[in-house]
Each structure stands twice: as structure tokens, then as C-alpha cells.
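Summary of structural features
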Amino acid sequence: PIPVYLDCDTGIDDTVALAYLLASPAVEVVGIGTVSGNTTAAQAARNTLDLLHLAGHDGIPVALGAHDHLDHPYGGGAAWVHGENGIGDVEVPHSPAEVDTRSAAELLIDLSHRYAGRLHVLTIGPMTNIAHALEQDPTLPSRVAEVTAMGGAALAPGNISPASEANVHNDPQAAAALIEADWDVTLVPLDVTLEHTLSEEQRGMLLADDRPFVRAVGEILDHYFDFYVTTYGRRTCALHDPLAAVIAAGGVSPARAPRVPVVVDTSWGPGRGQTIADLRGQRVAARDHEGVRTRVVLEVDAPIGAHLVETILA
Ligand code: BDR
Ligand code: CA
């Protein structure tokens, strides 16, 4: 299996992504770092430890990452989307496990040595920890096989502002650092994540399982389904982080993902956090720009919701 370092702001869809990664035989989660985003980095770490405990995966190190972002302090989270505790206000039994003694950036650097050339980095929150790791060790990219990041909006409107997606908007400088580093990046933006959803019937399949962890995932999704009524006109949810997890695990090959230059707007203007992808001339057929190592996923034509549920229930 591919060794994966997961960086997250757990988070309801982060929880679904975690459930998928733990169940997928294609990957082994070798470490998790948390960052402020949907909730504080500390609360995200607590949620992650508790979820891992419920899932019987206490052995995976969870490291506390950045509370504040590179150019501004933590902005207060997204309780209206993810609940006050980040996981839909569901009470998950407390894990006796504690966070790792290392910071998230230190854990990532350590894992890049241990799994040199093989480590896959998957970010599903603001990219602050990755920026810190790149700053602490500029040789990091040479030991990482690939980076998959849920974030940005290439042609679609944003979700946190008219122009920008939440993970990038929460730390545009960090997203820019991740994209500019010398490694292969797969960016999974709103353009494609909003196209993939989970149905009430699929949530019901999780709720009907006899494993407490799988049931908890179904319960946690309830809050998220309420939030998405305004977007989709029915109880469902977007599969932002889970789609990035599926792509990282090789569970699907994107139908269209050109390698194109991406610039992040780091200004404080109305475009803050916008991911400006050079998609000129891409309408007919995907065409890679020479020397560019960032591919932007624009199309995935597989039933992701079904694949997720099937994998989690297996
Ligand atoms: C992203 O922002 C967070 O709210 C979600 O967990 C996801 O990572 C979507 O914009
Ligand atoms: Ca997230």
C-alpha cells in the first residue's frame, strides 16, 4: 500500500475521507497532522484521535499542527457547516490517546525520511502545516512521491467568497507555497468536488452497519446534509475531501486533469484565495504545459459516492 501522510481540519467531510483511507487496501495512513480550518487544530486533533480510537486504529500518530495561518490568526471555523465540535456535534467516545510530541510539520518531515520516495501527502484542510514543513526543510519535496490537495476553484465560483474555496482562502500563502514547491501536485478543486455527492440512501447504509465507527460516520453526516439543502435543494452533501482521498488512493483516474500553471491570489482584495489556473485552450482536449508539475482535476466520471460507501462497508 501507498504510505500516506494526511493533513486535515476534521471536519465532517474530512471524517468521511478518513473512513475511506482506513478502509482502502491501496493505502496505509502512516501519520496525521491537524490544522485550524473547519475548527481549531486542537479540536481537529481531538476529533481525529477519538475517531481513530473508535475505528480501532490507535496506532496512527496524530500531530497537532498550526492554530494560526501564515498571514493572519485563525478565523473562528465553520460551525454552521460542521457543527460546534467540527463533527456535526456528535459525541464520539473519548480516546485515551494523546497527540504526538512532534508538530505536524515535524511529523511530515520525519515520515518523508522513513518513506523516502514513496510518501504521498494528502491535504484536505488549509495548507499551513505543509508550508511550515517546506520552510523548515526545503529538501522535503525530493523525498515525497506525490501531493494531492483538496482546494481551489478553477472555473467554478468559490464557496467561502465569490472567488475562492475555503481551504485556499484560509491560507492563500500556504497554498501558493505548496503549488510552487518542486513536487507533483494534484489539485482537486470545487469544480469537480461539487459534482460528486452522497445520497440519503447511502448515508442510511452507513447508519445500518454494526460497527460503531461506521455508524458514527453516518450520524456525523446528518449535520452536513442539513447544510447542503441550500446548495442542492435536497438532503445530500458534496464530497470535497473524500474525492481527494479517492484520487490519492488511486481509486479513480480523473477523466480530465491538465498540468497547467496555477497562481494563488494572496492579496487582501476581493480575489483573495482565488486559484487562477491557466486553462486557455483546454476546452476541446486536455493539454499539459511543459515543465508544469501541478495538475488540476476538472472531471471525474465515476460514481464516487458508491465507491466510498462500498469501500467503507467492505
Ligand atoms: C473544504 O473546506 C472544508 O470546509 C471542507 O472540509 C473541505 O476541506 C471545502 O471547501
Ligand atoms: Ca477539510
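The protein appears in an unreviewed UniProt entry as Nucleoside hydrolase from Microbacterium caowuchunii.

1. Thoughts on the overall build of the protein
When helices and strands are tallied, the protein shows 13 helices and 11 strands. Computed over C-alpha atoms, the radius of gyration of the protein comes to 18 Å, within 12% of the 20 Å expected from 2.2 N^0.38 for 314 residues, which places it in the range of a compact globule. Projected onto the principal axes, the alpha-carbon positions of the protein cover approximately 50 × 45 × 35 Å. Sorting the 314 residues of the protein into buried and exposed places 55% on the buried side. Partitioning the contacts of the protein with sequence separation of at least 6, the portion at a separation of at least 24 is 83%.

2. Quick notes on the nonpolar core
With 98 residues, the main nonpolar core has L21, L178 and A244 as its most contacted residues. Per-element accounting of this core gives the leading share, eight residues, to helix α10 (residues 212–227). Those residues in contact with L178, other than ones at most four positions away along the chain, are M127, I130, A131, V147, A149 and V185.

3. Comments concerning the packing of helix α4 (residues 104–114) against helix α5 (residues 128–136)
Direction vectors running N to C along α4 and α5 enclose 60°, while the axes themselves pass 8 Å from each other. In terms of orientation, α4 lies oblique with respect to α5. Between α4 and α5 the crossing geometry is right-handed. Every residue of α5 that contacts α4 at A104, A105, L108 and I109 is listed here: N129, H132, A133 and Q136.

4. Some points on helix α13 (residues 304–313)
Taken as a whole, α13 has its buried residues at I304, G305, L308, V309, T311 and I312. An end-on view of α13 places all buried positions within 165° of arc, on one side of the element. Where α13 is buried, its residues touch α1 (12–23), β7 (197–198), α9 (200–207), α10 and α12 (240–248).

5. As for α1
Under the 1.5 Å per step criterion, the end-to-end length of α1 is 17 Å for 12 residues, consistent within 8% with the ideal 16 Å. α1 sits mainly inside the fold: 10 of its 12 residues count as buried. Inspection of α1 places I12, D13, D14, T15, V16, A17, L18, A19, Y20 and L21 among the buried residues, and these make up the whole buried set.

6. Here's the deal with the UniProt feature "domain: Inosine/uridine-preferring nucleoside hydrolase" (unreviewed entry) in the protein
The positions that UniProt labels "domain: Inosine/uridine-preferring nucleoside hydrolase" (unreviewed entry) are, in the present scheme, residues 4–302. From the first C-alpha to the last, residues 4–302 spans 23 Å; its make-up is 35% helix and 15% strand.

7. Section: the pairing of strand β5 (residues 144–150)
In terms of burial, β5 is a largely internal element, five of the seven residues being buried. In the sheet, strand β4 (residues 119–123) pairs with β5 via five bridges, with the strands oriented parallel. The residue of β5 that forms the bridge with T123 is A149. In this fold, β4 hands off to α5, which returns the chain to β5; that crossover is right-handed.

8. Looking at the site of ligand 1
Every one of the 15 residues lining ligand 1 counts as a neighbour, but G11, D13, E165, A166 and H240 are closest to it. The residue inventory of the shell around ligand 1, partitioned by class, reads five nonpolar, six polar and four charged.

9. A look at the packing of α1 against α12
Relative orientation of the contacting elements α1 and α12 amounts to 25°, with a least axis distance of 7 Å. In terms of their interaxial angle, α1 and α12 are classed as roughly parallel. The chirality of how α1 crosses α12 is right-handed. Facing α1, whose interface residues are D13, D14, V16, A17, Y20 and L21, α12 presents H240, D241, P242, A244, A245 and V246. Grouping the amino acids of the contact of α1 with α12 by side-chain chemistry returns eight nonpolar, one polar and three charged.

10. Focus: the sheet that holds β4
Taking strand neighbours across the sheet as the criterion, the seven strands line up as β3-β2-β1-β4-β5-β6-β11 in an open arrangement whose pairing is parallel. A single partner strand is all that each edge strand has here, and the edge strands are β3 (62–64) and β11 (294–296). When strand polarity is set aside, the average angle formed by the axes of neighbouring strands in this sheet is 20°. On top of the sheet, α12 reaches β1 (2–8), β4, β5 and β6 (185–188); it is set at about 160° to β5, its chief contact.

11. Some points on the environment of T148
Inspection of the secondary structure assignment puts T148 in strand β5. Between the alpha carbons of T148 and V309 there is a distance of 21 Å; along the sequence they are 161 residues apart. Residues in contact with T148, not counting those within four places in the same chain, are L122, T186, V188, A244, I247 and A248.

What counts, and where the lines are drawn
- Counting from 1, residues in each chain are numbered in the order their sequence is written.
- Chain letters start at A and ligand numbers start at 1, both assigned in the order the entries are written.
- Residue-level local features of this predicted model are given only where pLDDT is at least 70; pairs of side-chain atoms are given and counted only at 80 or more, and the full residue set underlies all totals for whole chains, interfaces and linings.
- To qualify as a helix, a DSSP run of H or I must reach at least 4 residues; to qualify as a strand, a run of E must reach at least 2; elements of each kind are numbered from the N terminus.
- Radius of gyration means the value over C-alpha atoms here, while the globule rule gives 2.2 Å times the residue count to the 0.38 power.
- Each residue is classed by its C-beta neighbour count within 10 Å, where at least 20 other C-beta atoms makes it buried, 12 or fewer makes it exposed, and intermediate counts make it partly exposed; the C-beta atoms are placed from backbone geometry.
- Throughout, a residue-residue contact means that the two C-beta atoms, derived from backbone geometry, are no farther apart than 7 Å.
- Defined on buried residues, the nonpolar core groups Ala, Val, Leu, Ile, Met, Phe, Trp, Tyr and Cys residues joined through C-beta atoms within 7 Å.
- The angle between two axes is taken between their N-to-C directions and runs from 0 to 180 degrees, where each axis is a line fitted to C-alpha atoms and a helix contributes only its stretch in contact.
- Here roughly perpendicular refers to angles of 65 to 115 degrees, roughly parallel to angles under 35, roughly antiparallel to angles over 145, and oblique to all remaining angles.
- Take the far helix as your reference; a near helix turned counterclockwise from it by less than a right angle gives a left-handed crossing, and one turned clockwise gives a right-handed crossing.
- This arc describes the spread of directions from the helix axis toward the C-beta atoms.
- For a helix, the expected span equals 1.5 Å multiplied by the number of residues minus one.
- UniProt positions are given in the numbering used here, feature names are shortened, and annotations may be inferred rather than shown by experiment.
- For two strands to count as paired, DSSP must find a minimum of two bridges between them.
- Assignment of crossover handedness uses the view with strands pointing away from the viewer, where a clockwise path from the first strand over the helix to the second indicates a right-handed crossover.
- In this entry, near means the residue's backbone-placed C-beta atom lies within 6 Å of the molecule or strand.
- Classification used: nonpolar for Ala, Val, Leu, Ile, Met, Phe, Trp, Tyr, Cys and Pro, charged for Asp, Glu, Lys and Arg, polar for all others including Gly.

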